[in-house]
There are 4 protein chains.
Amino acid sequence: MAGSSFGTIFKISTWGESHGKAIGVVIDGCPAGIPLDESVIQVYLDRRKPGQSRFTTARSEGDLVEILSGVFEGKTTGTPISLIVRNQDQRSRDYGQIASCYRPGHADYTFDAKYGFRDYRGGGRSSGRETIGRVAAGAVAAQALASMGITVTAYAKEIGGIRVSDERFDLSERDKNRLYMPDAEAAKEAEALLEKKMSETDSVGGIVECVVDGMPVGIGETVFEKLDANLAKAVMSIGAVKGFEIGDGFAAASSFGSKNNDAFWMKDGAVAKATNHAGGILGGMSDGSQIVLRAAFKPTPSIAKEQKTVTVDGEETDIVIKGRHDPIIVPRAVVVVEAMTALTVFDMLLVGMGSRMDLIKSFYRR
Amino acid sequence: MAGSSFGTIFKISTWGESHGKAIGVVIDGCPAGIPLDESVIQVYLDRRKPGQSRFTTARSEGDLVEILSGVFEGKTTGTPISLIVRNQDQRSRDYGQIASCYRPGHADYTFDAKYGFRDYRGGGRSSGRETIGRVAAGAVAAQALASMGITVTAYAKEIGGIRVSDERFDLSERDKNRLYMPDAEAAKEAEALLEKKMSETDSVGGIVECVVDGMPVGIGETVFEKLDANLAKAVMSIGAVKGFEIGDGFAAASSFGSKNNDAFWMKDGAVAKATNHAGGILGGMSDGSQIVLRAAFKPTPSIAKEQKTVTVDGEETDIVIKGRHDPIIVPRAVVVVEAMTALTVFDMLLVGMGSRMDLIKSFYRR
Amino acid sequence: MAGSSFGTIFKISTWGESHGKAIGVVIDGCPAGIPLDESVIQVYLDRRKPGQSRFTTARSEGDLVEILSGVFEGKTTGTPISLIVRNQDQRSRDYGQIASCYRPGHADYTFDAKYGFRDYRGGGRSSGRETIGRVAAGAVAAQALASMGITVTAYAKEIGGIRVSDERFDLSERDKNRLYMPDAEAAKEAEALLEKKMSETDSVGGIVECVVDGMPVGIGETVFEKLDANLAKAVMSIGAVKGFEIGDGFAAASSFGSKNNDAFWMKDGAVAKATNHAGGILGGMSDGSQIVLRAAFKPTPSIAKEQKTVTVDGEETDIVIKGRHDPIIVPRAVVVVEAMTALTVFDMLLVGMGSRMDLIKSFYRR
Amino acid sequence: MAGSSFGTIFKISTWGESHGKAIGVVIDGCPAGIPLDESVIQVYLDRRKPGQSRFTTARSEGDLVEILSGVFEGKTTGTPISLIVRNQDQRSRDYGQIASCYRPGHADYTFDAKYGFRDYRGGGRSSGRETIGRVAAGAVAAQALASMGITVTAYAKEIGGIRVSDERFDLSERDKNRLYMPDAEAAKEAEALLEKKMSETDSVGGIVECVVDGMPVGIGETVFEKLDANLAKAVMSIGAVKGFEIGDGFAAASSFGSKNNDAFWMKDGAVAKATNHAGGILGGMSDGSQIVLRAAFKPTPSIAKEQKTVTVDGEETDIVIKGRHDPIIVPRAVVVVEAMTALTVFDMLLVGMGSRMDLIKSFYRR
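Residues numbered from 1 in each chain as written. Chains lettered and ligands numbered in written order. Predicted model: local features only at pLDDT ≥ 70, side-chain atom pairs only at ≥ 80, totals over all residues. Heavy atoms only, no water.

### Overview of the overall build of chain A
Broken down by element type, chain A carries eight helices and 18 strands. Compactness check: chain A gives a C-alpha radius of gyration of 21 Å against a globular reference of 21 Å for 366 residues, within 12% of the reference. Expressed along its principal axes, the backbone C-alpha trace of chain A runs to roughly 65 × 50 × 40 Å. Counting all 366 residues of chain A, 69% fall into the buried class. (Helix = DSSP H or I, 4+ residues; strand = E, 2+ residues; numbered from the N terminus. Rg over C-alpha atoms; globule rule 2.2 N^0.38 Å. Buried < 20%, exposed > 50% of the residue type's maximum accessible area, 1.4 Å probe, protein only.)

The following block contains the structure:
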């Protein structure tokens, strides 16, 4: 099945393996007239680039993006935008053992079972490098949203159980530490934990939070295509994500109706909510409040500790995974969550334009 | 947008409002040759039916399903299956106030903003009755899966913070209490809490857990169409769901790689996992273990307590929601989670048949 | 596969067999605010109803449509519209022989081969009654288009080789004869031919032409989703259609560039074309001229003449098809072509709203 | 809208403008295990390459394809296949005038109207070079089909009104003349006509016929997703196609039922048809006979003759189109029709695997 495509009107198709020639994405259905050049996209790619700190893999890739089509005289033309990033530093030799046995926590076994064989060099399509296409396309969606006054912002909310404090929350701190935590103190604590776990050849997980500001009311559809349902799919499709929540999420399950309901009131002449337990979505449609979502990332499965596993021939064996791996996925995943959120929100804005006959008529009567 | 359709090969379209003439679903793409009659579907519908206990709305609907097409001589024919349930007990008068103001925690406001007006009788498409179509179609998917040895089972895992104990877990208990909890003691405790909250005109939330047994390995696609991503969308599209997790879910975020990775071993001559933190899915594909997922439901938003809100004309006001409402959504939602899981799994089984050229050739060489 | 669904934003799913309980359609994605009641749809259904003349099957069905959902206080609500027509006059006994052998020119053989068995009562989903759902949904699309000043009009262009003359063409004649030919003289001639062929227990084919007036410029997408490509699929999906053309169609293949190109000029201050060989579409997008398309219908395959065929058990045999069958499909198919054209055009109007960033911004800044 | 994507399971997204950096396609959903390297694809691309004869544009492009992903050790891996062809000979200066006025018969005007501006260098996405992506992807589909014993073969059936004679038809002649006509005599005649029309600075149209041999029975779905409906869309989406027919096509419209019906008989123990007026498809499903389809191509719109048109500013003017243009599209379009047919047939083979529950069960019980 066409599993590498995402979106209905603003549709992307990503391609490329971690150890192939290149990685890329085609955006089909991007509106014409969005100012775009490589620099807009590169800012996003640099945030997921390896080698940013000692907590990210030492693999050094420039990850420079090239626009191959769909942009003319600095603006999108409405035709497909093809973006490509060449793979440079591939060191395939590091990954030899993957060919013969299944790494715990990885897709090696399921991949072999599904396709009959696999490109065993570095995880192929299940590698984290697959997200390059998502981030590049997400940067274009974010650029479009920004022009409408809609911003998408993600950050590390929790790392190895260490959570950003509500009191100390300061978004301007996010880009000052390598963990992308908006809380200098939590970041320092988390870094210490990471040092310790690295010395133990272990890895940790964490939580990314993402907020969307400036949403119009009524984006999302009422039944299966709820905005939160699509955000859940988008975010859960990122490699290591094991959980998703919107607003109060799992905490709502132990709350009460009288506390969890957000009262409506009037603010600046518009309907608003006094609280935001709902996370900005009611009945699957944006309610004009800030959208708040969270994704739970499991610890990096590639660890240098010895683990039990089996070979492709069904022999039990031990494995020690060599190579360069992040002890924590979260910092580099922050921009991936942002990208998937932007892609989803922008696509739903486009598909939702046909909701009212009076507005359709005005649109075409222009 | 076509928001009431779900699935790629096994595609369903649900329709009907809570206070319209009827509710139904069309299943387009159901394989031929599945034994089917109304009784197979009715069993599922009866599990979500109102009026089962004092914890569910007193609205008494027979909710009897009729098959209008797609079945001939007791078997599906491969053509669209149209299922209909007539609405009987509509008492529109209970819902008068909804027309003039926005209920907190409901879709009234977003619906009005999106479509310009709405069918204010009982929530329209945002009513819980919308799930009748999901459950009816899910029963057909579950019937097909069962014939392949795949079973989908959901239950209430937690209600108002009271959780099923791992030690006392007993699936046979599930259908003996009206809360669908597989733990008699927890059920008793939860019932007491519900009594208390009802007397306070309040409501509670909870968690539904769903497991899938008998999965073949390799179902799900590698990037955006991961099995867990599609399950997330399916489950998050249910009205009051605010969170979703697979396997250890959010707990994985504070775990470590050495603990969270599931070691592989050989069991009965096949590759298996020693533990199942992953919840049966690796790299977006089923790994042959039990699939385990959880959904967090918010407390019923309709409560008889006085709440602050605004009118459709932008006046601040108070609202007391009358009518018959469940103090807890979870018991009746158990079968809805089961239905959405079955629909997703069966559809992905069908779309995944084209993954390997050798198998495609054998299939057509038959 | 979900073969009974059509459209991207305005999506329909039809269901029902010729001899089942009912026939219907669900429209998912219809904009809110379109005035709608049963009478709007009934006008269209009456045009395809059997028993209108001696050239159409004597099967007498009221074919009365009922709206089950999606309309409130006389307007569409934006939620799925469920339309149902009960089957009344089913006389299954007429069709006994179909169960045991394959009718030439019908789908009996391919249906059996695909699904392993079939509902042999009257053709099932391959019956002409399947088009009831298309026409009912098409009436809704046409109603929406009309409110935008776009009209879709079809008529019989040719019957049994007898063609409407360009000189005598008079649309007001169309509804005065039972063949829906906009040329009284051609209609009379065609009726005589039909009498003759009926007496010979034979059937004839013909051509339907359909025009769309009032199209905005730029509807349709540039590569695979060209407006003409989608119209071709829509029209070719009608049972007996064997050919499709747009503008000059096949005649263009023997024309020359200097003659076939339509020169541009200015008319009433707007860009216009001096001729319309292109049929209103350039590069897959509407050019503002009248859209002109034609569909070639084969002769009714059900004839009372003895034909050679084989039984389901592979025995050669003769078949004489009894029952009530139109000697010509075209008159009743006119409204079906109109419906499929309206569905396609309205859906593409909706999907095309996201083509320009400046217009998207204005739309949401309203 | 995502207009450059095609297919449901075997899905392609093409990209690239005639005067951009490159042209390419991503195939998402290609089964694993198909032997593939650049040479397989290059054979197809060479058949559409410019500069093959004096009847094709002198633009000299190597049109060499590079596989960037999805192939490992000589076989497809099941992951997206990214194919790229660099543009080399771009001579933008030839196309200056297109920027300021609308070429008759081209998409310049509709493109401007739709997107607000356009890449005026050589037609952008509406250029014939857009078909490179189609042909490259079609070669992969054809390779897969060939391994199943299914072959797709197209040829020029008619050029400038000169038709291949049934008696002289000889497929082996097709690749011996530059017009790809399977009839040496007709080819010679057509070449003479082309010489004459070129000297008159005019162009001609023609018809491509395509046949599919080796089809299993039952491919295609019964209502909207008929095999012929999808073939119609696929073929009509090729730039200059104005008409499509299957089997007898438009000729069927003036035939009679007794003549047009194909009698069934038994042949080599299998159900077969004595004739093939239907063109291999009954009720939208393949019937096991040869599939026969035809596409009508209009004459090349780019001619050096002076034509009337308007400027982008709405001034009437004359235009003489310079640059290198084929006087006839048909010869190079033959392989494009073949590609679109192969893409459609292979995709429908994949989506149709879920039609019968018994076969689904056997498939997964393997």
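### Looking at the pattern of salt bridges
Under the definition given, this model contains 111 salt bridges over all chains. Put simply, C:Arg121 and C:Asp119 hold a salt bridge, and the shortest N to O gap is 2.7 Å. Through salt bridges that share partners, A:Arg47, A:Arg174, A:Asp175 and A:Glu338 make up one connected network. (Salt bridge = Lys/Arg side-chain N within 4 Å of Asp/Glu carboxyl O.)

### What to know about the relation of the copies chain B and chain A
Mapping chain B onto chain A calls for a rotation angle of 180 degrees and an axial translation of 0.0 Å; the resulting RMSD is 0.0 Å. Expressed as an axis order, the relation between the two copies is that of a two-fold axis. Both copies contact each other with a shared surface, as 100% of the interface residues of chain B are interface residues in chain A too. (Least-squares fit on C-alpha atoms with pLDDT ≥ 70 in both. Contact = heavy atoms within 4.5 Å.)

### Describing the interface of chain D and chain C
Tallying the contact residues gives 104 residues for chain D and 103 residues for chain C. Both faces combined, the contact of chain D with chain C buries some 8500 Å², and carbon together with sulfur accounts for 64% of it. Our count for the contact surface shared by chain D and chain C stands at four salt bridges. C:Lys114 is paired through a salt bridge with D:Glu221; the nearest N and O atoms lie 3.3 Å apart. At the surface where chain D touches chain C, the tally comes to 39 residue pairs in polar contact (both at pLDDT 80 or more). Its residues placed into classes, the side of chain D that touches chain C shows 44 nonpolar, 37 polar and 23 charged. Of the strand pairs in this sheet, strand 11 (residues 241-246) of chain C and strand 11 (residues 241-246) of chain D are connected by three bridges, and their pairing is antiparallel. (Buried area = accessible area lost by both parts, 1.4 Å probe. Polar contact = N/O pair within 3.5 Å; in protein donor to acceptor, adjacent residues only side chain to side chain. Nonpolar A, V, L, I, M, F, W, Y, C, P; charged D, E, K, R; others polar. Pairing = 2+ DSSP bridges.)

### Quick look at the interface of chain B and chain A
In many reports, interface size means the accessible area that the parts give up when they come together. The partner chain A presents 104 residues to the 104 residues of chain B that form the contact. Interface area, chain B with chain A, both sides summed: about 8500 Å², of which 64% is carbon and sulfur. A salt bridge links A:Glu225 to B:Lys233; the nearest nitrogen and oxygen atoms lie 3.0 Å apart. Viewed at the interface, chain A and chain B are joined by 39 residue pairs in polar contact (both at pLDDT 80 or more). Taken together, the residues of the side of chain B that touches chain A sort by class into 44 nonpolar, 37 polar and 23 charged.

### Let's talk about the pairing of strand 7 (residues 81-86) of chain D
Each regular strand shows side chains that alternate between the opposite faces of the sheet. All names here are of chain D. Burial within strand 7 is extensive, with five of its six residues counted as buried. The pairing of strand 3 (residues 22-28) with strand 7 spans six bridges and is antiparallel. Paired with Val25 across the bridge in strand 7 is Leu83. In the sheet, strand 4 (residues 65-69) pairs with strand 7 via four bridges, with the strands oriented antiparallel. Bridge pairing links Ile67 to Leu83 in strand 7.

### Structural notes on the sheet that holds strand 2 (residues 11-15) of chain B
Hydrogen bonds along the backbone pair up the strands of a sheet, which may run parallel or antiparallel. All names here are of chain B. Reading across the sheet, the five strands line up as 1-2-3-7-4 and stay open at both edges, with antiparallel pairing between neighbours. Looking at which strands have only one partner, the edges of the open sheet turn out to be strand 1 (5-6) and strand 4 (65-67). Pairing analysis gives five bridges linking strand 2 to strand 3 (residues 22-28), with the strands arranged antiparallel. In the strand pairing of strand 3, Thr14 is matched with Val25. Here helix 3 (residues 131-146) sits on the sheet in contact with strand 2, strand 3 and strand 7 (81-86), set at roughly 35 degrees to strand 3. (Axes fitted to C-alpha atoms, helices over the stretch in contact; angles between N-to-C directions.)

### Things to note about the confidence of the model for chain A
Confidence in the prediction of chain A, expressed as mean pLDDT, is 93, and 95% of residues score 70 or more. The ipTM assigned to the predicted complex is 0.96, against a pTM of 0.97. (pLDDT = per-residue confidence, 0-100.)

### What about helix 7 (residues 330-351) of chain D?
Because an α-helix completes one turn every 3.6 residues, residues spaced three or four positions apart along the sequence face the same direction. A rise of 1.5 Å per residue sets the reference length of helix 7 of chain D, with its 22 residues, at 32 Å; its end C-alpha atoms lie 31 Å apart and thus fit the reference within 8%. Judged by how many residues are buried, helix 7 of chain D sits mostly within the fold: 22 of 22 residues are covered. (Expected span 1.5 Å × (residues − 1).)

### Quick notes on the side chain of D:Ser4
Note that D:Ser4 resides in the segment before strand 1 (5-6). Here the side chain of D:Ser4 touches D:Arg125 through a polar contact of 2.9 Å, side chain to side chain. Look past the residues within four positions of D:Ser4 in its chain and what remains in contact with it is A:Asp28, A:Pro80, C:Val223, C:Phe224, D:Ile12, D:Ser13, D:Thr14 and D:Arg125.

### Brief notes about the sheet that holds strand 7 (residues 81-86) of chain C
Residues and elements named next belong to chain C. If you walk across this open sheet you meet the five strands as 1-2-3-7-4, and the pairing is antiparallel. The open sheet has two edge strands with one neighbour each: strand 1 (5-6) and strand 4 (65-67). Each of strand 2 (11-15), strand 3 (22-28) and strand 7 is contacted by helix 3 (residues 131-147), which is oriented at about 35 degrees to strand 3, the strand it contacts most.

### Re helix 2 (residues 108-115) of chain D
Most of helix 2 of chain D is tucked away, with seven of its eight residues classed as buried. The complete set of buried residues in helix 2 of chain D reads D:Asp108, D:Tyr109, D:Thr110, D:Phe111, D:Asp112, D:Lys114 and D:Tyr115. Turning to helix 2 of chain D, the residues buried within the fold contact strand 12 (264-267), strand 13 (270-273), strand 14 (281-282) and strand 15 (285-286) of chain C.

### Considerations on the pairing of strand 16 (residues 291-297) of chain C
Residue and element names in this part refer to chain C. The buried count for strand 16 comes to seven of seven residues, which makes it a mostly enclosed element. Residues Ile291, Leu293, Ala295 and Phe297 point to one face of strand 16 and Val292, Arg294 and Ala296 to the other, with burial holding for every one of them. The pairing of strand 11 with strand 16 spans five bridges and is antiparallel. Bridge pairing links Phe244 to Ala295 in strand 16.

### Focus: the packing of aromatic side chains
Evaluated as defined, the whole model comprises 40 aromatic pairs over all chains. A ring pair is formed by C:Phe363 and C:Tyr364, whose centres lie 5.1 Å apart and whose planes are at 80 degrees; its orientation type is edge-to-face. Exposure class is identical for C:Phe363 and C:Tyr364. Each is buried. Grouped by ring-pair contacts, the aromatic residues A:Phe363, A:Tyr364, C:Phe363 and C:Tyr364 constitute a single cluster. (Phe/Tyr/Trp six-rings, centres within 6.5 Å; stacked < 30°, edge-to-face > 60°.)

### Considering the packing of helix 5 (residues 227-236) of chain A against helix 5 (residues 227-236) of chain B
In the contact formed by helix 5 of chain A and helix 5 of chain B, the axes pass within 8 Å of each other and the chain directions differ by 165 degrees. Judged on the interaxial angle alone, helix 5 of chain B and helix 5 of chain A are roughly antiparallel. Relative to helix 5 of chain B, helix 5 of chain A is oriented so that their crossing is right-handed. Contact residues: helix 5 of chain A offers A:Asp228, A:Ala229, A:Asn230, A:Ala232, A:Lys233 and A:Met236, while helix 5 of chain B offers B:Asp228, B:Ala229, B:Asn230, B:Ala232, B:Lys233 and B:Met236. (Parallel < 35°, antiparallel > 145°, perpendicular 65-115°, else oblique. Left-handed = near helix turned anticlockwise from the far one by under 90°.)

### A short note on the environment of C:Asp358
Relative to the helices and strands, C:Asp358 is located in helix 8 (residues 357-365). In this structure the side chain of C:Asp358 is engaged in a polar contact, spanning 2.9 Å, whose partner is the side chain of C:Arg356.

### Re the environment of C:Ser69
When you line up the elements, C:Ser69 lands in the loop between strand 4 and strand 5 (71-72). For the pair C:Ser69 and C:Ile27, spaced 42 residues apart in the sequence, the C-alpha separation amounts to 9.9 Å. When sequence neighbours within four positions are dropped, the list of residues in contact with C:Ser69 reads B:Trp15, B:Gly16, B:Glu17, C:Pro80, C:Ile81 and C:Ser82. Polar side-chain contacts of C:Ser69 include one of 2.8 Å to the backbone oxygen of C:Pro80.

### A short note on the environment of B:Thr344
Residues and elements named next belong to chain B. Here Thr344 lies in helix 7 (residues 330-351). Among the residues examined, Thr344 registers a relative accessible area of 3% and is labelled buried. Separated by 112 residues in the primary sequence, Thr344 and Ala232 have C-alpha atoms spaced 9.7 Å apart. Excluding anything up to four places from it in sequence, Thr344 contacts Phe6, Leu227, Asn230, Leu231 and Ala234.

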